[in-house]
Amino acid sequence: MANPFATRATEFIRTNEAFLSIVAPDPLTYFFEPYANDSGLYRRPISIQGQPGSGKTTIARLFEFSTLTTLMRSGDNAYAELVNPLSKCGALADGRVQVLGCRLPLESDYRELSQLPYTEKIRAELLQRLIQARAVLAWFSQLNKAEIGPDAVTLQLREESNAAIAFVGGKEGHQILSRAKNIESEIYRIVGALVPPSEQEIEGEIIEPYRLFDIIDRFRIKTTSADHSLSAELLRPLVILDDAHLLSTGQLNQLKTWLIRRELTLGRWILSRLDVLQPKELFDSLSIIDSDVNMPGITAERDLIRINLQNAKRTEGRKTFRSMAKEMSRKYLSQMPIFKQNNITTLDSMLPESITPLLQTQCKKLKEAVEKFADRSRISETRLAEYEKMTGDWLEKRHENSFELRWAMVRVLIHRHIKRVPQMSLLPEEDIEPNRPIIPDLGVYDGARIHLLSEFERPYYVGLDALSDAASENAETFLRLASHLVDASENLLIKQRSGALQAKDQHKLLVERAKQIIDSWAFPEHRRVRALSEWIADRCIGRTQELNAPLDHGANAFGIPQADFDHMDDNYPYLATVLKFAVAYNALSLVPNYECKKKQWCLIELGGVFIVRSGLPFKRGGFVEGTAIDLEKQLQSTKP
């Protein structure tokens, strides 16, 4: 069987049953439930933004009516874990679907409307009519998949909208559908014409208004419908506009301004990638500041819900993604018979974290090097023995008995000792106490582990958490990384061996895959993004490999003063553009307003695959200090 981890995009999964079998519920709980009170998900417009592969289209497909009815039809709790979060989001209630959702990809001829030789008003009108008409067609297509025909549907209007009913075709389902087909046909004729008709002709054709979104409140499903047992009698309309970044900038702004109006009562979600934003908009969004809608009487922060699938709550986001990745991998593995037959149900059992000790010759080399350095540094044998015992006791409490880790930690302690006894060389016969106690702790442990990686290639990226962290909270990147490991495990099983991968193989495969992913970058400005990432990584490596482990686990970011970042769009516009694409495609991430040493910084943090490729830690917070000028100089020195 083909490796399902290699099927990265859910659009390629044909049936709803197969789709539902791989969807994890965590994103619903984390991103959507907080806005579900008082039907907030279906009253206010929602802008959902994320990197490619962050799960936007998966969310859209999950809320489609036919997907929800498939879920309810299963009736055997096959997808029970999805029912609760979908119920909390208001899509399900009392065992019935409550929302008539449809996904409308804006990837075909919508953008062509912006190139027609008409006034902006006419082009905007054509765009709105086409979206409304195709939304109607998509809604009825969804109903049809659930075996509910147009004759079983009537439109329930907002109270003040009776006068407008004639312009949408009527209240009955077949009338609404017929009118929508005519509207779509008219616009398609304009877009597809070799020579577009004159603006005067267009104005004649669109003289009758078509404002379905303004008047629609609910769809009423007749009780005689075949699938009524799965559907509520009154369904909330929800239109999900996917790939909105494919519209022109002007169209996207018009779309947001149109849909943000408070009088609209249908659900409307706009899904787009981050690179559609201007650098300042993207940077502001990371600070949860909404600024992309400018309309009298409308405040974006109050009238628009923005869901960023790269959440600014980094610690919580990483924890949530680990849980989601674990659940997602469990579902994918369950589709591969060879793992089911061998009782391997999660990646945990495939990726054990135990690490084989270094060779005796390597351990001996390390110990002798530490002892010689201690002797040269006039560290007494008594103090060296004390540090070794303290470290051994600390590791024993963690149930670890690693010789190389103990001596790598002792080396860090000795280097810290020297740093804290600056006058030591002037008093050669005296073993001076350091100005602060030196003890083994988690920081020393982390520093020792990363030193052993660079010095002896001791496996570092091991276990499911490391795999999840390498993905930088991006589902598609996780699947690309995991597919490599799953293939290797499957090969072992085919050879009648255990499917568990040794630590050294996990590490090697993950580094190999990370390099492949970086080599496949083809997004805008990817060469400069790669050069900038390599430059940052080189500085982080130098800082991380300092033997006193000054940053404990090490560095994976470049920090610039927050003031530099606040004015980057004005002072360094090209640098801002390069950073925008780096963030939008998950190569780098930004951490504004980071407080350290009584200063405010903006951290430019390497993405997970670049961290793995460079042998750096995943733990956050360690950074190399610099300025925006340093980044600008580096950018200028990079060949295009």
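(A) Summary view of the overall build of the protein chain. From N to C terminus, the protein chain includes 29 helices and 12 strands. Taken over 640 residues, the protein chain has a buried fraction of 56%. Counted over contacts in the protein chain with a minimum sequence separation of 6, partners at least 24 positions apart contribute 78%. When the accessible surface of the protein chain is totalled, it reaches about 28700 Å², and 48% of it is carbon and sulfur.

(B) Layout of the packing of helix H27 (residues 573–584) against helix H29 (residues 628–636). Between H27 and H29, the least distance of the axes is 10 Å, while the angle of their chain directions is 85 degrees. Taken together, the axes of H27 and H29 are roughly perpendicular relative to one another. Here Tyr574, Leu575 and Val578 of H27 lie close against H29, whose contacting residues are Ala628, Leu631, Glu632 and Leu635.

(C) Summary view of helix H23 (residues 503–519). Counted at 1.5 Å a residue, the expected span for H23 with its 17 residues is 24 Å, and the 24 Å between its end C-alpha atoms agrees. Along H23, the residues that are buried comprise Ala503, Gln506, His507, Leu509, Leu510, Val511, Arg513, Ala514, Ile517 and Ile518.

(D) Layout of the pattern of salt bridges. Applying the stated rule across the entire model yields 31 salt bridges. Across the salt bridge formed by Glu400 and Arg398, the nearest N and O atoms sit 3.3 Å from each other. A salt bridge links Arg458 to Glu404; the nearest nitrogen and oxygen atoms lie 3.1 Å apart. Taken together, the residues Arg458 in the loop between helix H20 (442–456) and helix H21 (464–470) and Glu404 in helix H19 (residues 403–419) connect sequence positions 54 residues apart.

(E) Highlighting the layout of surface pockets. Computed from the structure, the second largest pocket encloses a volume of approximately 910 Å³. If you go around the second largest pocket, you meet 37 residues; those closest to its centre are Tyr445, Asp446, Arg449, Tyr460 and Lys619. With 5 residues, helix H14 (residues 314–333) is the largest single contributor of residues to the lining of the second largest pocket. Its residues placed into classes, the lining of the second largest pocket shows 14 nonpolar, 7 polar and 16 charged.

(F) Molecular detail of the packing of aromatic side chains. Under the counting rule described, the total for this entry stands at 21 aromatic pairs. Centroid distance Trp139 to Phe213: 6.2 Å. Interplanar angle 50 degrees. Geometry classified as tilted. Of this pair, Trp139 sits in helix H7 (residues 120–145) while Phe213 sits in helix H10 (residues 212–215); the two residues are 74 residues apart in sequence, bridging distant segments of the chain. One exposure class covers both Trp139 and Phe213, and it is buried.

(G) The pairing of strand E9 (residues 557–561), seen in detail. For E9, the tally of buried residues reaches 4 of 5 residues, placing the bulk of the element in the interior. Summarising the sheet, E9 and strand E11 (residues 599–606) pair through 5 bridges and their orientation is antiparallel. Opposite Pro561, over in E11, you have Trp601 as the bridge partner. Relative to strand E12 (residues 623–625), E9 runs parallel, the two sharing 3 bridges. Counterpart to Gly559 in the pairing with E12 is Glu625.

(H) Quick peek at the side chain of Ser248. Within the fold, Ser248 resides in the loop between strand E6 (231–242) and helix H11 (249–259). With residues near it in sequence (within four places) discarded, Ser248 still touches Arg111 and Ser114.

(I) Quick look at the confidence of the model for the protein chain. In the predicted model, the protein chain carries a mean pLDDT of 87, and the fraction of residues at 70 or more is 90%. Taken together, the stretch residues 288–298 has pLDDT below 50 and engages in 25 contacts with residues farther than four places along the chain or on a different chain.

(J) The arrangement of H20 in detail. For H20, spanning 15 residues, the distance from its first C-alpha to its last is 21 Å, which sits close to the expected 21 Å at 1.5 Å a residue. Burial of H20 is extensive: 12 of the 15 residues sit out of reach of the surface. Buried within H20 are the following residues: Gly443, Val444, Tyr445, Asp446, Gly447, Ala448, Arg449, Ile450, His451, Leu452, Leu453 and Phe456. Looking at the packing, one finds that the buried side of H20 touches helix H17 (360–376), helix H18 (381–397), H19, H23 and helix H24 (526–544). Looking at where H20 begins, the residue whose side-chain oxygen comes 3.1 Å from the main-chain nitrogen of Gly443 is Asp441.

(K) Representation of unusual backbone geometry. The phi angle at Asp94 is positive, at roughly 55 degrees, despite the residue not being glycine. With respect to the helices, strands and loops of the structure, Asp94 is situated in the loop between strand E2 (92–93) and strand E3 (96–105). Even without glycine at this site, Gln496 takes up a positive phi of about 65 degrees. Looking at where Gln496 falls in the secondary structure, it is placed in the loop between helix H22 (475–494) and H23.

(L) The arrangement of the nonpolar core in detail. Within the largest apolar cluster, 177 residues are counted, with the highest numbers of intra-cluster contacts made by Phe63, Trp139, Trp269 and Phe478. Excluding its chain neighbours within four sequence positions, the residues that come into contact with Phe63 are Leu28, Tyr42, Leu68, Leu86, Cys89, Ala91, Gly101, Leu238, Ile240 and Trp269. Counting residues in hydrophobic clusters, the runner-up holds 25 residues, among them Cys363, Trp407, Leu413 and Ile414.

(M) View of the sheet that holds E11. Taken in spatial order, the 4 strands of this open sheet run E10-E11-E9-E12, and their pairing is mixed. Both outer strands of the open sheet, strand E10 (588–596) and E12, are each paired with one neighbouring strand and no more. Taken over all neighbouring pairs, the strand axes of this sheet differ in orientation by 30 degrees on average, direction set aside. Inspection of the sheet shows E10 paired to E11 by 7 bridges, in the antiparallel sense. Its bridge partner lying in E11, Glu595 is registered against Gln600.

(N) Structural view of the packing of H17 against H19. The contact between H17 and H19 brings their axes to 10 Å, and the two run at 20 degrees. In terms of their interaxial angle, H17 and H19 are classed as roughly parallel. As H17 runs across H19, the sense of the crossing is left-handed. Where H17 approaches H19, its residues Cys363, Leu366, Lys367, Val370, Glu371, Phe373 and Ala374 are matched on the opposing element by Phe403, Glu404, Trp407, Ala408, Val410, Arg411, Ile414, His415 and Ile418.

(O) The arrangement of the environment of Trp535 in detail. One can find Trp535 in helix H24. Note on Trp535: relative accessible area 14%, which makes it buried. Those residues in contact with Trp535, other than ones at most four positions away along the chain, are Phe558, Asp630, Leu631 and Gln634.

Reading the values: the criteria
Residues numbered from 1 in each chain as written. Predicted model: local features only at pLDDT ≥ 70, side-chain atom pairs only at ≥ 80, totals over all residues. Heavy atoms only, no water. Helix = DSSP H or I, 4+ residues; strand = E, 2+ residues; numbered from the N terminus. Buried < 20%, exposed > 50% of the residue type's maximum accessible area, 1.4 Å probe, protein only. Contact = heavy atoms within 4.5 Å. Areas by Shrake-Rupley, 256 points an atom, 1.4 Å probe, with all protein chains shown as cover. Axes fitted to C-alpha atoms, helices over the stretch in contact; angles between N-to-C directions. Parallel < 35°, antiparallel > 145°, perpendicular 65-115°, else oblique. Expected span 1.5 Å × (residues − 1). Salt bridge = Lys/Arg side-chain N within 4 Å of Asp/Glu carboxyl O. 1 Å grid on protein atoms, 1.4 Å probe; cavity = no way out; pocket = protein on both sides within 12 Å on 5 of 7 lines; lining within 4 Å. Points joined across faces, edges and corners; volume = space filled by probe spheres on them. Nonpolar A, V, L, I, M, F, W, Y, C, P; charged D, E, K, R; others polar. Phe/Tyr/Trp six-rings, centres within 6.5 Å; stacked < 30°, edge-to-face > 60°. Pairing = 2+ DSSP bridges. pLDDT = per-residue confidence, 0-100. Polar contact = N/O pair within 3.5 Å; in protein donor to acceptor, adjacent residues only side chain to side chain. Core = buried A, V, L, I, M, F, W, Y, C linked by side-chain atoms within 4.5 Å. Left-handed = near helix turned anticlockwise from the far one by under 90°.

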